[in-house]
Amino acid sequence: MKELLTGNEAIARGAYESGVTVAAAYPGTPSTEILENLVRYPGVYAQWSPNEKVAMEVGVGAAIGGARVLVAMKHVGVNVAADPLFTLAYTGVNGGLVLVSADDPGMHSSQNEQDNRNYARFAKVPLLEPSNSQECKDMVGVALELSEQFDTPVILRTTTRVAHSQSMVELGERQEGQAKPYVKNPQKYVMVPAHARGRHLVVEERRKRLHDYVETSPLNRVDWEDRRIGIITGGIVYEYVKEVVPGASVLKLGITFPLPERLIREFAAQVEELYVIEELEPFLEEQIRLMGIEVTGKKLFPRVGEISQRVIAEKILSVTAHKDLINDAVLAEGVETDKDVRIPVRPPVMCPGCPHRGVFYILSQLKMTVMGDIGCYTLGALPPLEAMDTCICMGASVGSALGMEKAHPEMHGKVVAVIGDSTFLHSGITGLLDIAYNKGATTTIILDNRTTAMTGHQDHPATGRTLRKEPTNPVDLAGLARALGINRVVVVDPFDLDNLKNVIQDEAAADEPSVIIAQRPCALLVKEKGLPYVVEAGTCINCKKCMKLGCPALTAGVETVIVNTTLCTGCGLCSQLCPTGALKKEGEVIG
Amino acid sequence: MDNGKVTNILIVGVGGQGTILASRILSQLAREEGYDVKVSEIHGMAQRGGSVVTQVRMGQKVYSPLIAEGQADIILSFERLEALRWMHYLKKGGTMIINDQAIEPVPVIMGLQEYPDNIIERIRKKIPDTVAVDALSLARKCGNDKAANVVLMGLLARKMGFAKEKCLRALEEKVPPKFLELNKKAFEEGWNAEV
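What counts and what doesn't
- Residues numbered from 1 in each chain as written.
- Chains lettered and ligands numbered in written order.
- Predicted model: local features only at pLDDT ≥ 70, side-chain atom pairs only at ≥ 80, totals over all residues.
- Heavy atoms only, no water.
- Helix = DSSP H or I, 4+ residues; strand = E, 2+ residues; numbered from the N terminus.
- Rg over C-alpha atoms; globule rule 2.2 N^0.38 Å.
- Buried < 20%, exposed > 50% of the residue type's maximum accessible area, 1.4 Å probe, protein only.
- Contact = heavy atoms within 4.5 Å.
- Salt bridge = Lys/Arg side-chain N within 4 Å of Asp/Glu carboxyl O.
- Polar contact = N/O pair within 3.5 Å; in protein donor to acceptor, adjacent residues only side chain to side chain.
- Nonpolar A, V, L, I, M, F, W, Y, C, P; charged D, E, K, R; others polar.
- Pairing = 2+ DSSP bridges.

Secondary structure assignment for chain B yields eight helices and six strands. For chain B, the N- to C-terminal ordering of α and β elements is β-α-β-β-β-α-β-α-α-β-α-α-α-α. Radius of gyration (C-alpha) of chain B: 16 Å, near the 16 Å computed for a compact globule of 195 residues. Considering only C-alpha atoms, chain B reaches an extent of 50 × 35 × 35 Å along its principal axes. Taking all 195 residues of chain B together, the buried fraction comes to 61%. Residue pairs in contact within chain B that sit at least 24 positions apart in sequence constitute 64% of those at least 6 positions apart.

So this is what it looks like as structure tokens:
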């Protein structure tokens, strides 16, 4: 039976069919849907971990224990999980372990576009790159077999266009495997230096065996066509190449580390012009050049962002002697844009009723220096709120607020860290511990909207529910902050602007560290919307103070502000800013 | 639809308008016709009220899930301004279907930028085959604003020449049972819309 699946759905299906019994992840675009789908299959235990490092460690334990394991995360998540990954490469596994790294060239929803293929080379573990959903499913199975055969973790690297594109997948049956028995083996699993030295030799020997394996793997194959142009590629770019240069011979690499040297040499020797086309870093190109093979790569193709059909066609046409092999239909000019009109941008915005809006409004009023973090609330950096100074990585707000304060003691009282609940639990806790330990006086504002909102509302350790939607013990954020050594902990309602302002001023001014928990569920989780606000025509003086909130439900009219009552959730922030009391709950307006 | 080539449909709109459900219904339809299908969606940050695009490609054999600029056969725009933003993706001689609704982006709401006027007339000058429909009103007639996406699907399906019975079957596949009646009504409204 065939189904139309996204890459992520297909990876989940592949894990199910291949007998995976344990899976762990932290949500992150474009990887999130893997676990959301996998948890629905019988016989698979799947969980959200507080962060990628813990997810990886859960996977390490399960794999050493003998289970087949999948661990999934976005590219930057692998930075967090790198520590266990690099040493797992030494110990090896017992049951197979596949780590899915979902990269984001073009940064559709990320803070950088690092190329995680480099992790495979760095950690010396095999790397598989699917081009479509069928390959996503199949390669999970191959990765697990390789993992067990060569006693190594294996990385399956997707990119946004593979993870979030749907294509046809042939479904199969689940292969029920018995978990292997766990056998105690300290020389293999206890990485003290004496053991690790021995294991490093094993890693190098394994690398040689892998070099032989990849030469004959069916995942590396040549589509022979005209030999005047040869292209080495993999991942999503393969699909573009087949469309743009249908006449060329293509060496499609499904395993991109280690590379099949003999196969590449044979291919290179048989084609006239040789190109390597890959998104981001010259990962394949540099290794091919090290073999002494001359190839055209990043000299021609961009190192930044995604590669498109158009770029491939334009770039090859600019240098090739064989223009007849290029399908230049992709270069046909389409409809002209209307040059007489300026098209306003449409950036993403905080939703109407978003509990983050009031906090950023107050921070902007108080002219605070705001060390920000990763989540929907990063939108607080955009106009009109513009109340964020930095956004680096998950959890960075807390430690960097301490750093700013240590560098500039005179800024005390004007620097705060702002971090979401899920992000705080991911990697803000240790930063807060640092503030308490090193006697900072920093204020940390936890925007507690009771969910991991940006990635589509996943549960986390403070929501009281697991990925399987089972009730569990929720962590108490206030109690946690106190246990870390923070004595001043205040819980506030972010819809009460006056109180919010007073609390932020008081806590920032205090000579000891503090935590403010601004608590309100994400507006998208609140099923029952409040009565909308409406503008009382005679009372509104059109001062537009309410417009400073940047609420999509408020529009500037000619004589008054206008509330879009379909969008308005009745949060009431605008009415708190109105100097004349013109914004009233529907039904309260007179006349 | 010409069997030998790939048909490209670009669905654009504003995060939260239901473009993804529309693409899922369309791809289901294509599958029922026996075509190879690829669909590309964007999740994550853009969904928070940003400009969103979903791409559907169908034909005997489809490689890339993405449509190259200037190669879309049809653009279905859920909002006027988004039609203007994405029109260069349409091939010459292509079809533009626009939901005649304006959703002002925040820079316009703030008064920093202007929402262009006469968008549909502007587009019609460049794209003779431009169709505009007030899907929101038609959805409201069926009892729920949210069904505007399925109204637009009805219009698109008729434009593409799909058989109506197959469309209704695709709806049954992709829409939860409790919303099926509403969505069938919405689909009919779009199918029969006078444009």
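Picking up after the structure, the text goes on.
Attention now goes to unusual backbone geometry. All names here are of chain A. Omega for the bond connecting T29 with P30 falls within 30 degrees of zero, at 10°, which places this linkage in the cis form. With respect to the secondary-structure elements, P30 resides in the loop between strand 2 (22–25) and helix 2 (33–38). A positive phi angle, near 45°, is found at E386, a position not held by glycine. Judged by its relative accessible area of 55%, E386 falls in the exposed class. Phi at H457 takes a positive value of approximately 70°, unusual for a residue other than glycine. If you trace the backbone, H457 turns up in the loop between strand 16 (443–448) and helix 17 (477–483). On the basis of relative accessibility, which here comes to 21%, the residue H457 falls in the partly exposed class.

This part covers the interface of chain A and chain B. In this complex, chain A contributes 62 residues to the contact, which on the side of chain B involves 55 residues. For the interface between chain A and chain B, the tally reads six salt bridges. The tally of links from chain A across to chain B stands at 20 residue pairs in polar contact (both at pLDDT 80 or more). Broken down by element, the side of chain A that touches chain B gets its largest block of residues, five residues, from helix 10 (residues 235–244) of chain A. A per-class count over the side of chain A that touches chain B returns 28 nonpolar, 19 polar and 15 charged. Sheet topology places strand 8 (residues 165–170) of chain A next to strand 2 (residues 36–40) of chain B; two bridges connect them, and they run antiparallel. Bridging from a neighbouring strand, Q166 of chain A pairs with V39 of chain B of strand 2 of chain B.

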